Amino acid sequence: MPVAASAIYFLNLRGDVLINRLYRDDVGGNMVDAFRMHIMQTKELGTCPVRQIGGCSFFYMRISNVYIVIVVSSNANVACAFKFVVEAVALFKSYFGGAFDEDAIRNNFVLIYELLDEIMDFGYPQNLSPEILKLYITQEGVRSPFSSKKPVPNATLQVTGAVGWRREGLAYKKNEVFLDIVESVNLLMSSKGSVLRCDVTGKILMKCFLSGMPDLKLGLNDKIGLEKESQLKNRPTKRYHGKTIELDDVTFHQCVNLTRFNSEKTVSFVPPDGEFELMKYRITEGVNLPFRVLPTIKELGRTRMEVNVKVKSVFGAKMFALGVVIKIPVPKQTAKTSFQVTSGRAKYNASIDCLVWKIRKFPGQTEPTLSAEIELISTIAEKKSWTRPPIQMEFQVPMFTASGLRVRFLKVWEKSGYNTVEWVRYITKAGSYEVRC
Amino acid sequence: MAPPAQSSRYPSPSQPSGKGEVSDLRLQLRQLAGSRAPGVDDSKRELFKKVISYMTIGIDVSSLFGEMVMCSVTPDIVLKKMCYLYVGNYAKVNPDLALLTINFLQRDCKDQDPMIRGLALRSLSSLRVANLVEYLVGPLGSGLKDNNAYVRTVAVMGAVKLYHISASTCIDADFPATLKHLMLNDSDSQVVVNCLFALQEIWNSESSKSEEATREKEGLISKPFIYYLLNRLREFNEWGQCLVLELVAKYVPSDTNENFDIMNLLEDRLQHANGAVVLATIKVFLQLTLSMADVHQEVYERIKAPLLTLVSSGSPEQSYAVLSHLHLLVMRAPYIFASDYKHFYCQYNEPSYVKKLKLEMLTAVANESNTYEIVTELCEYAANVDVPIARESIRAVGKIALQQYDVNAIVDRLLQFLEMEKDYVTAEALVLVKDLLRKYPQWSHDCIAVVGNISSKNVQEPKAKAALIWMLGEYAQDMDDAPYILESLVENWEEDAPEVRLHLLTAIMKCFFRRPPETQKALGIALAAGVADFHQDVHDRALFYYRLLQYDVSSAERVVNPPKQAVSVFADTQSNEIKDRIFDEFNSLSVVYQKPSYMFTDKDHRGPFEFSDEIGNLTVGVESEHEVPATSVDANETSDLLLSTTEKEETRAMVANGSDYTAPLYDSSSRALPSQGQSELAITSLLGTSDPGPQASMAIDDLLMGLDLTAPPAPASAPPSLKLNARAALDAGSFQRKWRELPVAISQECELSSQGAAALTSAQALLQHMQGNSIQCIASGGQSPNFKFFFFAQKAEEPSVFLVECKINTSTAKAQLNIKAEDQSTSHEFSALFQSALSRFGMS
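Note that the structure is predicted; figures quoted are calculated from it, not measured.

Rules and cut-offs
- Residues numbered from 1 in each chain as written.
- Chains lettered and ligands numbered in written order.
- Predicted model: local features only at pLDDT ≥ 70, side-chain atom pairs only at ≥ 80, totals over all residues.
- Heavy atoms only, no water.
- Helix = DSSP H or I, 4+ residues; strand = E, 2+ residues; numbered from the N terminus.
- Contact = heavy atoms within 4.5 Å.
- Areas by Shrake-Rupley, 256 points an atom, 1.4 Å probe, with all protein chains shown as cover.
- Buried < 20%, exposed > 50% of the residue type's maximum accessible area, 1.4 Å probe, protein only.
- pLDDT = per-residue confidence, 0-100.
- Axes fitted to C-alpha atoms, helices over the stretch in contact; angles between N-to-C directions.
- Parallel < 35°, antiparallel > 145°, perpendicular 65-115°, else oblique.
- Left-handed = near helix turned anticlockwise from the far one by under 90°.
- Nonpolar A, V, L, I, M, F, W, Y, C, P; charged D, E, K, R; others polar.
- Pairing = 2+ DSSP bridges.
- Buried area = accessible area lost by both parts, 1.4 Å probe.
- Salt bridge = Lys/Arg side-chain N within 4 Å of Asp/Glu carboxyl O.
- Polar contact = N/O pair within 3.5 Å; in protein donor to acceptor, adjacent residues only side chain to side chain.
- Phe/Tyr/Trp six-rings, centres within 6.5 Å; stacked < 30°, edge-to-face > 60°.
- Lys NZ or Arg CZ within 6 Å of the ring centre and 35° of its normal.
- Arc of directions from axis to C-beta.
- Core = buried A, V, L, I, M, F, W, Y, C linked by side-chain atoms within 4.5 Å.
- Patch = residues over 30% accessible without salt bridge, like charges linked within 9 Å, V, L, I, M, F, W, Y side chains within 5 Å.
- Lys, Arg positive; Asp, Glu negative; His and termini not counted.
- Charge placed at Lys NZ, Arg CZ, Asp CG, Glu CD.

**Student:** Sorry, what's going on with the overall build of chain A here?
**Tutor:** Across its full length, chain A carries 9 helices and 23 strands. In chain A, the proportion of contacts linking residues at least 24 apart, taken out of those at least 6 apart, comes to 69%. For chain A, the exposed surface amounts to about 19,200 Å²; the carbon and sulfur share of it is 50%.

**Student:** Teacher, can you tell me more about the overall build of chain B here?
**Tutor:** Assigned secondary structure in chain B consists of 43 helices and 5 strands. Here chain B holds 844 residues, and the buried ones make up 55% of them. Within chain B, residue pairs in contact and separated by at least 24 positions form 66% of the contacts whose partners lie at least 6 positions apart.

**Student:** I'm lost on the confidence of the model for chain B in this one. Help?
**Tutor:** All names here are of chain B. Scored by pLDDT, chain B comes out at a mean of 77, with 82% of its residues at no less than 70. Here residues 604-702 scores under 50 on pLDDT; set against residues more than four positions off or in separate chains, the count is 114 contacts. Between residues 704-720, whose pLDDT stays under 50, and residues either more than four places distant or in other chains, the model counts 17 contacts. We note a pTM of 0.72 for the whole complex and an ipTM of 0.81 for its interfaces.

**Student:** Is there a simple way to think about the packing of helix α18 (residues 293-312) of chain B against helix α19 (residues 316-332) of chain B in this case?
**Tutor:** Helices that pack against each other are described as a pair by the angle of their axes relative to one another and the distance between those axes. All names here are of chain B. Two elements in contact, α18 and α19, have axes separated by 9 Å at closest approach and are oriented at 150°. Here α18 is positioned roughly antiparallel relative to α19, judged by the angle of their axes. When the axes of α18 and α19 are compared, the crossing they make is left-handed. Residues Y300, I303, L307, L310 and V311 of α18 pack against S319, V322, L323, L326, L329 and R332 of α19. Split by residue class, the contact of α18 with α19 holds 9 nonpolar, 1 polar and 1 charged.

**Student:** Sorry if this is basic, but what is going on with the sheet that holds strand β5 (residues 66-72) of chain A here?
**Tutor:** Note: strands within a sheet are paired through backbone hydrogen bonds, in either parallel or antiparallel orientation. All names here are of chain A. The strand order β2-β1-β5-β4-β3 describes an open sheet built from 5 strands, whose pairing is antiparallel. The two strands at the open ends of the sheet, each matched to only one other strand, are β2 (17-22) and β3 (50-53). Strand-to-strand, the axes of this sheet are offset by a mean angle of 20°, without reference to chain direction. On the sheet, helix α4 (residues 109-119) packs against β1 (7-12) and β2 and is oriented at approximately 25° with respect to β2.

**Student:** What is the right way to look at the interface of chain A and chain B in this model?
**Tutor:** As a measure of interface size, the accessible area lost when the parts come together is often cited. Each partner contributes to the interface: chain A provides 106 residues, whereas chain B provides 105 residues. Carbon and sulfur atoms supply 57% of the area that chain A and chain B bury against each other, a total of about 9,200 Å² over both sides. Applying the counting criterion to the chain A and chain B interface returns 7 salt bridges. In this structure, the salt-bridge partner of R436(A) is E380(B), at a minimum N-O distance of 3.9 Å. Seen at the junction of chain A and chain B, the total is 28 residue pairs in polar contact (both at pLDDT 80 or more). The class makeup of the residues in the side of chain A that touches chain B is 50 nonpolar, 34 polar and 22 charged.

**Student:** What is the right way to look at the side chain of S444(B) in this model?
**Tutor:** The topology assignment puts S444(B) in helix α25 (residues 444-451). The buried category is assigned to S444(B), whose relative accessible area is 14%.

**Student:** Please explain the sheet that holds strand β17 (residues 334-341) of chain A as it appears in this structure.
**Tutor:** Residues and elements named next belong to chain A. With antiparallel pairing, the 4 strands of this open sheet are ordered in space as β14-β15-β20-β17. Both outer strands of the open sheet, β14 (291-300) and β17, are each paired with one neighbouring strand and no more. With strand direction ignored, the average angle separating the axes of adjacent strands in the sheet is 15°. Of the pairings in the sheet, the one linking β17 to strand β20 (residues 369-376) comprises 7 bridges and is antiparallel in character. If you follow V341 over to β20, its bridge partner there is L370.

**Student:** Teacher, can you tell me more about the pattern of salt bridges here?
**Tutor:** Between side chains of opposite charge, a pair can form as their charged atoms come close. All names here are of chain B. Counted under the stated rule, the structure contains 50 salt bridges over all chains. Taking the shortest distance from any N to any O, the salt bridge between K510 and E474 comes out at 2.9 Å. You can see K510 sitting in helix α28 (residues 498-514) and its partner E474 sitting in helix α26 (residues 462-474), a full 36 residues away along the chain. With respect to class, K510 is no different from E474; both count as buried. By sharing partners, the salt bridges in this structure join R391, E392, R395, E428 and E461 into a single network.

**Student:** Which parts of the structure should I look at to understand the packing of aromatic side chains?
**Tutor:** Think of a pair of aromatic rings as described by two things: how far the centres are apart, and how the planes are tilted against each other in angle. Enumeration over the complete set of coordinates arrives at 38 aromatic pairs over all chains. Ring geometry for Y86(B) versus Y90(B): centroids 5.2 Å apart, planes at 55°, classification tilted. Of this pair, Y86(B) and Y90(B) both sit in helix α5 (residues 77-90), 4 residues apart, which is roughly one turn of that helix. Grouping residues by exposure puts Y86(B) and Y90(B) together as buried. Three or more aromatic residues joined by ring pairs make a cluster, and in this case those are F291(A), F315(A), F362(A), F395(A), F400(A) and Y433(A). Its guanidinium or amino end placed over the ring of F122(A), R24(A) lies 4.3 Å from that ring's centre, counting from NZ or CZ. Taking the ring centre of F320(A) as reference, the NZ or CZ of K361(A) above it sits at 4.3 Å.

**Student:** Help me understand the pairing of strand β15 (residues 304-313) of chain A, please; the structure alone is not making it clear to me.
**Tutor:** A regular strand carries its side chains on alternate faces of the sheet. Residue and element names in this part refer to chain A. Burial of β15 is one-sided: the residues M305, V307, V309, V311 and S313 facing one way are buried, the residues R304, E306, N308, K310 and K312 facing the other way are not. Sheet analysis places β14 next to β15, joined by 10 bridges and oriented antiparallel. Pairing of L294 across the sheet is with K310, part of β15. Counted along the chain from β14 to the antiparallel partner β15, the turn is 3 residues long, and its residue G301 has a positive phi close to 70°.

**Student:** Would you mind showing me how to read the side chain of S313(B) here?
**Tutor:** Residue and element names in this part refer to chain B. When you line up the elements, S313 lands in the loop between α18 and α19. For S313, a relative accessible area of 19% translates into the label buried. A distance of 2.9 Å separates the side chain of S313 from the backbone oxygen of T309, its partner in a polar contact.

**Student:** Mind showing me how you'd approach helix α1 (residues 31-40) of chain A here?
**Tutor:** An α-helix turns once every 3.6 residues. As a result, residues three or four positions apart point the same way. All names here are of chain A. For α1, a buried count of 7 out of 10 residues is recorded, marking the element as mostly surrounded by other parts of the structure. For α1, the full list of buried residues reads M31, V32, A34, F35, H38, I39 and M40. End-on view of α1: buried residues confined to an arc of 160°, all on one side of the axis.

**Student:** What exactly am I supposed to notice about unusual backbone geometry here?
**Tutor:** Residues other than glycine predominantly adopt negative phi, and peptide bonds predominantly adopt the trans conformation. All names here are of chain B. Its identity as a non-glycine residue notwithstanding, D174 has a phi of 65°, on the positive side. As for its position among the elements, D174 is in the loop between α10 (167-172) and α11 (175-185). Not every positive phi belongs to a glycine, and Q594 is a case in point at roughly 55°. Here Q594 shows up in the loop between α33 (589-593) and α34 (598-601). Since its relative accessible area comes to 35%, Q594 is described here as partly exposed.

**Student:** Whenever I open this one, the nonpolar core confuses me. Can you help?
**Tutor:** The nonpolar side chains of a soluble globular protein tend to be buried, and buried together. One finds F10(A), F59(A), F100(A), V61(B), Y86(B) and F337(B) to be the most contacted residues of the largest nonpolar core, which totals 277 residues. If you look at the next biggest cluster of nonpolar residues, it comprises 71 residues, including L187(A), V250(A), F269(A) and C437(A).

**Student:** Explain the environment of Y150(B) to me, please; I cannot follow it from the model alone.
**Tutor:** Mapped onto the elements of the fold, Y150(B) is located in helix α9 (residues 149-165). When the C-alpha atoms of Y150(B) and P114(B) are compared, they prove to be 7.3 Å apart, with 36 residues separating the residues in sequence.

**Student:** Help me understand the pairing of strand β16 (residues 320-329) of chain A, please; the structure alone is not making it clear to me.
**Tutor:** Sheet analysis places β16(A) next to strand β19 (residues 354-363) of chain A, joined by 9 bridges and oriented antiparallel. Within β19(A), the residue paired with P329(A) across the bridge is C354(A).

**Student:** I would appreciate a short explanation of the packing of α9(B) against α11(B) in the present structure.
**Tutor:** Residue and element names in this part refer to chain B. Running from N to C, α9 and α11 cross one another at 145°; their axes reach a closest spacing of 11 Å. Between α9 and α11 the crossing geometry is left-handed. The residues of α11 that touch α9, namely those facing R152, V156, A159 and L162, are F175, L179 and L182. When its residues are assigned to classes, the contact of α9 with α11 shows 6 nonpolar, no polar and 1 charged.

**Student:** Even after reading the chapter, I still don't get a positive patch on the surface, so can you show me in this structure?
**Tutor:** All names here are of chain A. A cluster of like positive charges, contributed by R345, K347, K358 and R360, occupies part of the molecular surface. Elements with a contribution of two residues or more to the positive patch: β18 (345-349) and β19. Note that R360 resides in strand β19.

**Student:** Is there a simple way to think about the environment of P130(A) in this case?
**Tutor:** Looking at the secondary structure, you find P130(A) in helix α5 (residues 130-136). Residues P130(A) and S338(A), 208 residues apart in the sequence, show an inter-C-alpha distance of 52 Å.

Rendered as structure tokens:
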């Protein structure tokens, strides 16, 4: 049994029940009290997301200011349960238009009850796809029940059709496809400047406004795909001299024809309507780091520190990064700070014990610096030396991919043979970008 | 999509009292019930929302059942849904009223809109009222034949629900056969998946009763059926795929070709975006290749990349679940992730449960080639702000050191930890150095030099202190001041934990054999303190050493300090059998808990903790409340064995004298006396023995002095017991007189156990209990929850009496005591005795 959830609870941070749905009778009604008593009110909270109390297991996740708790009484599938919660939250978000928090739940609790009935029956997950559910559980239906009656029979057929993710008979005046490659770079660098760990997790997001049942084919500059292509065509790669990328692992949206991917190494699919995540990938080799951070921190005696941080942008000079934030840790007992920056603005934020240096627009091939003097309150009790947390960085670099991945082509076929406009964008963001100092 | 404006700011009633609001709602619902005015649905909707929100926060709105049902005659689908929700929630407690809903639900089951048919059928099957099942069979039967797939999916689940309410009705209606037919023939994938869910449940529980069901259950993993599912796999949604894959993992193919066919078919599932599907596929691969060793290895290679992706994508909770599985795999095949160790480096902001598992992974994947990098990284974490993680990482370094042959560099690192001067780092490192020395005694020279520099004052944690003491004892000859450090530790005997005291005794013994003149004084003090110790183990060990020394010093040395062999392998905590069972339950909770499912799903294996709906007040202390009576009973029994029957009266007084937690203390006090006598005997006989060697005899003489000096205070620590006269008598008149005359000696509040409060249904119950403790009642009154009692008791030796006024409130489990005593000096003792007697009420 993947999951036979006995109950699902939504609690706020105080432990008040916002929503509860009991699916099965095999757990008692006081489960939520047990959760409050043994998990929320103890130090255990946050030490482990799976806990057993009595004969029941609790899976819980905190999402903004809400706890979602699933109670099971059997040896359930944990990965499946958590994935279910994640998907359910994504579904709620798409209904509420973004936010998922206590207020959103309180304002929409009737809708959530409706959805909970549809996405899970007797503890077994049913259909969670927002595209389909929105066909028959609509806010519009709430307003005018009679007008919604017409599409309903059609919608229920759709719930389980062969191409579950796409309706037939869609028509757009202008056929457009948007494709975004979004990468996040994770970096862990030692204080000596050597890369301890570095990888890129990327995803390809698409937004399709296409009529009919189009067939799409996407070509990337990944190594395996290119090799396969040249093999199939029995001639050298079509004069593609750029870098080829080795993808460590790829996962696809359910619309992608995986059999074809495995045999021909091309990504071909019939897209869902609107927005969706086409694929995810991971790369560990040959990552281009967009920034280098060179910190020097000197502790001068017990009450003074000198901090110098140089940040070097190593992408093309014509490009620029946006929203760059560099958080430089300082000790808790910091009393006074003074600093100079060659670019952007810096501030001491006592609540997170960091100097926060912000640069709104950061051109490529430049290296601004921050130099700061920090005075500390001298304490006698604090004998321990300061353990330095890493410097953390946030940024976005448009038109840059840390992996070097590029779209070679995106082809759209539809039997009516209309013209489509394709838009491709690239962006690289910081995942966990940490430099020890 | 914002909700309608007027409903969007729906104030959540923070803590409404309930009653007023509910009767308000009832009035409004009644007004709306018959109305056909335009817009009436909107107002109904508002009211229904209010009712549901009350229901959610736990206010009982079941009294509105009738009105809700009356209002539900409406074409509005949203109103219907709210009403169904309400009915489903309260039908079970209102079976009579639930009958009212049958009519309209049955009508809705025949609605022309499939949506409404489905919803009504779901509600009807969710009523969970046993005597209404007859109304359910008809609609379910037609639901299963409905031409709309949505209604069929609902009806299939309805059949399982029916099975749980009344198994016989479900079987008699032949629903399992219908489900099976649907499962094999329905065009809709969700119907097929739901049938599979349903039949698994039904046949699983039926298989214990009928052979046919067992056959059917086995049929689910037969070749034709598995192939049927595999061929339709791509139609199913992700959850359905998980279910099917779980089933395929149980299938045993007839030959290897079949194995490869299935794996080839499923290989693309490893690329699925849903991590649950990927894990389920991995399970299939692992299970299919269990008997093919080399293919099994290839499978590990193949699943590596998808697993690492799962770790780094998704929420921390998902990573946690995946990492648990990685850990299981890496224990079976440590080499698979050896070159990917960097994936397990911790990020600064990760939650500690993820970090902890990553540390375990780093420990497990360490081998000759990557140890240096891993240990370097772990050392970074030792300075972490998050103390538990810092501790874990030091332990991880230690574990790696114990695994590897090339420990040179690691020992240096550990010794650096000792010099970091952080309490917890030092503590963990000491424990590790101890383990390391047990395995690699050749490193003692380097380690001891550093350990010798640590001041024992800076080590507070019992485990670390015990480790330090062990090293002091073991390497006494290499550390110049070992005897003196041990001596100073003995002086603070009382402050240390029993674990430390045990180690201290042994260490001093070892030290004594190597450097007798310097240690004898400390040994004497330690043995004396040990013999008088309240802790059973410490006491026994001290006595054992003492008698051993008395018997023969050289045999004592052979026993306490034999030449040791280095430990080659530390015992594994889990047996291979258990590990294999966990592996069979891959992709389930077993892996996260690291124990097979029978250990946490079977009732017998669970802890003492159980839920009960009636008690409802679950307190953290429940477990300890269960423990206490058990130990005190034990104490009672053992003392009964030790003492003659005439002394029983006293014992009881002493038991009563101890408060909740003095069971061990009491225990030792009853025993200290005879053993003290014995040890004195031993000493005198020791004096008479012939030649224990000049050195040893000197030592033992001194030992004696130590004992003689320290022996007298020991009996004083036994609690002076207040004994009560079991047959005390006092007439009402003199009670009243004394009550008027005497001042209140003690006035305080004390607590009853929750069982006690529950057991106090009438005054009589408590009277008998207190009488058993030699406390008599002269008057009682009141009724639940408030009781009032007047008690009295008399000292065993003299006629001095104690008077008690006791007011008990059972709902708060509190008692207010006013105690008066003729002999004021013993009033506190009596109060303690009384309270412990009271607190034990209801436990026996």
